[in-house]
Amino acid sequence: MPSTKDNAVYNARILHMVASSSRFWRAACGFALMVMCVAMSLASDWRTPEEQLARKIAAATGPGAVALDVANKSSISRPDSDEIRRGLTSELAALGVRLVNADQAAATVQVTLSENLQEYVWVAEIHQGNNENSVVMVTAPRAEFVAVEHPAIALTIRKALLWTDENRILDVAQVNGSPQHMIVLEAESVVLLKFQDGRWQQEQALTVSHAHPWPRDLRGRLVLRSDHLFDAYLPGVFCRSATSAPLALNCYESDDPWPLGSGQSAFFAPARDFFTGALSPGIEKQTTVKAFYSAAVLPRDKYKLWIFSTVDGQVHLLDGVSDQTVAKLDWGSDIASVRSGCGVGWQVLVTGNEDGASDSVRAFEIADREPVVVSQAAEFNGRVTALWSDADGTGAIAISQNSETGKYEAYRLSITCGQ
């Protein structure tokens, strides 16, 4: 920034500067007043849902000692969530419910503040002695307001070609080291490559054994491991690499769930090209979702928001409590999350859903449950057949089939701040 030096000589203020200064302060005061008005208009009155939820909790527990915990998984601010807890405490006390520590309580109440696109959803799970857990909930409309529009942060998707092959590529994993290695999962083999003399050179090709024919739209997933090099997941088949070189590959029939990332897995339909919707483990209390093609996770301060591209063309957002549908997104079936450090920190890469010989991938951010596009499209000369987050989450592997050559091309996609 340019520096200024104080000058001991007094200079009379120039008239046009006085006028400009006056206009500046009038504008600044006007802006401050506008911000205050917006803040006042956004201030929410939580008394009605507090009263409603407190009455439902008290009806379930009766008067007595209760342990209360409130978890905020919505866009409600921290001060507001603290206010809601205080309001619930006050309302419960008026109904004869006294809050104590868990070891002194006759009942425990877990309140989760969640939301969907239209309303807030507050859920209270009540556990009392040996009785079955009971659940009560209330809803409150989300405040509608006109926000000042800020230009979306312009991010750029970078494409780096990793490998081209006439055989169908299902997934690629890069192994850092010196020299660098790469693993390519194909329909009938796993190819191990080493970067040497400025190019990738094949070291080994390991056969993928399977007893049944592959489904028409074959998919596969590579996962790097710490105690051995990798695992490979294919429909109805699991393959595990040996622990030492030269590597061997042990494949057998399996219905084990495929890793989705962030400790989450899901079961894959062995004769189809999608996941059944059964999750392992569940996303907190949610153990199923509609059958889906792909999923992405966006870590939040206190929870993880999971995005599912389902086979019916919808997009579902799960936070462990609510399952909301986001309509009219015009997304393709493949999505993957990337930790870029740009914008809000995490983005979702999404394929297009246009028919034709080409395809594209764009980046979206989901700051308040409503996806916003934040990048120009990265174009592909062919259909994208697979999109997986890479091992460390800082990029994604995209596989496409070139419409001119017919060959499969594997790219690493990353996001940079700015254009």
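Draft legend 1. Local environment of helix α3 (residues 78-94). Between its first and last C-alpha, α3 extends 25 Å over 17 residues, near the 24 Å set by a 1.5 Å rise per residue. Considered for burial, the residues of α3 that qualify are Asp80, Ser81, Ile84, Gly87, Leu88 and Leu92. Each buried residue of α3 lies within a common arc of 130° when the element is viewed along its axis, so the set occupies one face. Opposite the buried face of α3, at more than 90 degrees from it, the exposed residues are Arg78, Pro79, Arg86 and Ala94. On its buried side, α3 packs onto α2 (47-61), β1 (64-72), β2 (97-99), β3 (107-115) and β4 (119-128). One or two steps after α3, the chain reaches glycine 96, where phi turns positive at roughly 85°.

Draft legend 2. Geometry of the state of the cysteines. In total, this model carries two disulfides according to the counting rule given. In this model, cysteine 239 is linked to cysteine 251 through a disulfide, with the two sulfur atoms separated by 2.0 Å. Its torsion about the S-S bond being 115°, the disulfide of cysteine 239 and cysteine 251 is classed as right-handed. Pair noted here: cysteine 239 is in strand β13 (residues 237-241) and cysteine 251 is in strand β14 (residues 249-253), with a separation of twelve residues, a long-range link.

Draft legend 3. Geometry of the environment of serine 81. Looking at where serine 81 falls in the secondary structure, it is placed in helix α3. Note: C-alpha distance between serine 81 and tryptophan 46 (35 residues apart in sequence) is 9.7 Å. Contact partners of serine 81, with chain neighbours within four places excluded, come to Asn72, Ile76 and Leu113.

Draft legend 4. Quick peek at the sheet that holds strand β8 (residues 181-186). Taken in spatial order, the four strands line up as β7-β8-β9-β10 in an open sheet, and their pairing is antiparallel. In this open sheet, the two edge strands, each paired with only one partner strand, are β7 (169-175) and β10 (199-207). Taking the axes of each pair of neighbouring strands and ignoring which way they run, one obtains an average angle of 20° across the sheet. Here β7 runs beside β8; their pairing, made up of six bridges, is antiparallel. When the bridges of β8 are listed, glutamine 174 appears paired with methionine 182.

Draft legend 5. Local environment of the pairing of β7. Along β7, six of the seven residues are buried, which leaves the element largely enclosed by surrounding structure. Where β7 hands over to β8, the hairpin turn is made up of five residues, counted between the paired strands.

Draft legend 6. Structural context of the sheet that holds strand β30 (residues 408-417). With antiparallel pairing, the four strands of this open sheet are ordered in space as β6-β30-β29-β28. Of all strands in the sheet, those with a lone pairing partner are β6 (155-165) and β28 (382-389), marking the two edges. If you compare each strand with its neighbour and ignore which way they point, the axes differ by 25° on average. Bridge count between β28 and strand β29 (residues 396-402): seven bridges; the pairing is antiparallel. Across the sheet, alanine 386 pairs through a bridge with isoleucine 399, a residue of β29.

Procedures and definitions
Residues numbered from 1 in each chain as written. Predicted model: local features only at pLDDT ≥ 70, side-chain atom pairs only at ≥ 80, totals over all residues. Heavy atoms only, no water. Helix = DSSP H or I, 4+ residues; strand = E, 2+ residues; numbered from the N terminus. Expected span 1.5 Å × (residues − 1). Buried < 20%, exposed > 50% of the residue type's maximum accessible area, 1.4 Å probe, protein only. Arc of directions from axis to C-beta. Contact = heavy atoms within 4.5 Å. Disulfide = S-S within 2.5 Å. Pairing = 2+ DSSP bridges. Axes fitted to C-alpha atoms, helices over the stretch in contact; angles between N-to-C directions.

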